[in-house]
Amino acid sequence: AWQATYGLSYAERITPRTVESLRRYHPDWQTFCDLGCGTGTLLLNLASDGRRLIGVDGSAEMLREARRKARAAGRRFTWIRSDIRDFHLPAPADVIGCFYDTLNHLGSLEDLHRTFAAVHAALRPGGTFLFDVNTLHCFRTLWDHLSVTEGPGLTMILDNEYEPRSRVGVARVTIFRRRGRFYAREFALVVERYFSEREVGAALRATGLQTVSREGFDPFGDSSRPIKTWWVARRPLD
């Protein structure tokens, strides 16, 4: 509901970029795994007959909604509840994706290395890894101010603060949702960490993955000051 106030969800915004990366870097893919899949919108957008799609998420509630959406669309996917730092797939995947700054939720470089090592193990030789991470510009701007978003039956307050020394951004989220004549108030705390391009590249190399390309972009419009970096990496052929 919050993302709908901006017109399109993030999954909808990056579907064309994902499809283009698949066409360019792995056109013959048959198996795609989305780490931090949330409610499965991206997987539904990628669904086609004959291809296997897998969603991995640590949240039972997210996966419950993802299953409901897949059933409503008449699609069958594989859903796995797991921490992305030590996930395992039933069989190696052609492509693994990890989007919407999922990797920025990791708290340390050690966590990033563990996740990339798990990705390497889950990819087949020659497999492709697509992911995005937030840029420093993103943390210095979007993660350092107060914002209020209003939509049908929803008011959401984001009190964001970025600490340059620790490179940690904290979002204190207050949500008011209409319940009949009243509003229910909920709280959430979102903590993300900035990883530099040098650190991401070094973590890929240390875990046996090769950088193919990286590109700054802004899914919401202005790419002159990109808020995210889109990475393409590959597990080398054995």
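Residues numbered from 1 in each chain as written. Predicted model: local features only at pLDDT ≥ 70, side-chain atom pairs only at ≥ 80, totals over all residues. Heavy atoms only, no water.

1. Description of the overall build of the protein chain
Quick note on the threshold: We count a stretch as a helix when DSSP gives it H or I for four or more residues in a row; a strand needs E for two or more, and each element gets its number in order from the N terminus. Note that the radius of gyration is over C-alpha atoms, with the globule rule given as 2.2 Å times the number of residues to the power 0.38. Whether two residues are in contact is decided by their heavy atoms: any pair within 4.5 Å suffices. Here the open area of atoms and residues is found with the Shrake-Rupley method and a 1.4 Å probe, where only the protein chains shown may cover a residue.
Across its full length, the protein chain holds six helices and eleven strands. Taken over C-alpha atoms, the radius of gyration comes to 18 Å for the protein chain, in line with the 18 Å a tight globule of 238 residues would show. Seen through its principal axes, the protein chain has C-alpha atoms that stretch 60 × 45 × 30 Å. Taking contacts inside the protein chain between residues at least 6 apart in sequence as the whole, the part at least 24 apart equals 62%. Carbon and sulfur atoms make up 50% of the accessible area of the protein chain, which totals about 12,200 Å².

2. Side note on a positive patch on the surface
Applicable threshold: Think of a patch as exposed residues, more than 30% relative accessible area, with no salt bridge, where like charges cluster within 9 Å and nonpolar side chains (Val, Leu, Ile, Met, Phe, Trp, Tyr) cluster within 5 Å. Should a side-chain nitrogen of Lys or Arg be within 4 Å of a carboxyl oxygen of Asp or Glu, the pair is scored as a salt bridge. When charges are counted, Lys and Arg contribute as positive and Asp and Glu as negative, whereas His and the chain ends are disregarded. Think of each charge as sitting on NZ of Lys, CZ of Arg, CG of Asp or CD of Glu.
On the surface, Arg-64, Arg-67, Arg-71 and Arg-81 cluster together to form a positively charged patch. Within the element layout of this structure, Arg-64 appears in helix α3 (residues 60-73).

3. As for the nonpolar core
Defined as follows: By nonpolar core we mean a set of buried residues, namely Ala, Val, Leu, Ile, Met, Phe, Trp, Tyr and Cys, connected to one another through side-chain atoms within 4.5 Å. Buried residues are those whose accessible area, probed at 1.4 Å on protein chains only, stays under 20% of the maximum for their type, while exposed residues exceed 50% and partly exposed ones sit between those limits.
Among the nonpolar cores identified, the biggest contains 29 residues, and Ile-96, Phe-116, Phe-129 and Phe-131 are the most heavily contacted of them. Contributing elements (two or more residues each) for this core: β1 (31-35), β2 (52-57), β4 (93-98), α4 (109-122), β5 (123-134), α6 (197-206) and β11 (228-234). Here the element with the most residues in this core is α4; it accounts for five residues. With sequence-adjacent residues up to four places away left out, Phe-129 is seen in contact with Ile-96, Cys-98, Phe-116, Val-119, Leu-123, Leu-204, Leu-209, Trp-231, Val-232 and Ala-233.

4. Considering the packing of aromatic side chains
As a reminder, the rule being used: Between the rings of Phe, Tyr and Trp (Trp by its six-membered ring), a pair exists once the centres lie within 6.5 Å; its type follows the angle of the planes, with under 30 degrees stacked, over 60 edge-to-face, and the other angles tilted. Over a ring means this: the NZ of a Lys or the CZ of an Arg is within 6 Å of the ring centre and within 35 degrees of the ring normal.
Tallying each qualifying case throughout the model produces twelve aromatic pairs. Here the aromatic rings of Tyr-10 and Tyr-100 are separated by 4.3 Å at their centres, their planes lie at 15°, and the arrangement is stacked. On the criterion of sequence distance, the pair formed by Tyr-10 in helix α1 (residues 10-25) and Tyr-100 in the loop between β4 and α4 is long-range, its members being 90 residues apart. We classify Tyr-10 as buried; its relative accessible area is 2%. Seen in terms of ring centroids, Phe-139 and Trp-143 are 5.5 Å apart; in terms of plane orientation they differ by 40°. Their pairing is tilted. Taking the ring centre of Phe-217 as reference, the NZ or CZ of Arg-17 above it sits at 4.1 Å. Above the face of the Trp-29 ring, Arg-51 is positioned so that its terminal group lies 4.2 Å from the ring centre.

5. Focus: the sheet that holds β2
Filter applied, for reference: Paired strands, in this sense, are two strands between which DSSP finds at least two bridges. Helix axes use the C-alpha atoms of the stretch in contact, all axes being lines fitted to C-alpha atoms, and the angles between their N-to-C directions lie in the range 0 to 180 degrees.
Reading across from one edge, β3-β2-β1-β4-β5-β11-β10 is the order of the seven strands in this open sheet, with mixed pairing throughout. Edge positions in the open sheet fall to β3 (78-81) and β10 (210-217), since each of these has one partner strand only. Going across the sheet, the axis of each strand differs from the next one's by a mean of 15°, ignoring polarity. Strand direction decides the pairing type here: β1 and β4, joined by four bridges, are parallel. Its bridge partner being in β4, Phe-32 is matched across the sheet by Val-95. Packed onto the sheet, α3 meets β2 and β3 and runs at close to 175° relative to β3.

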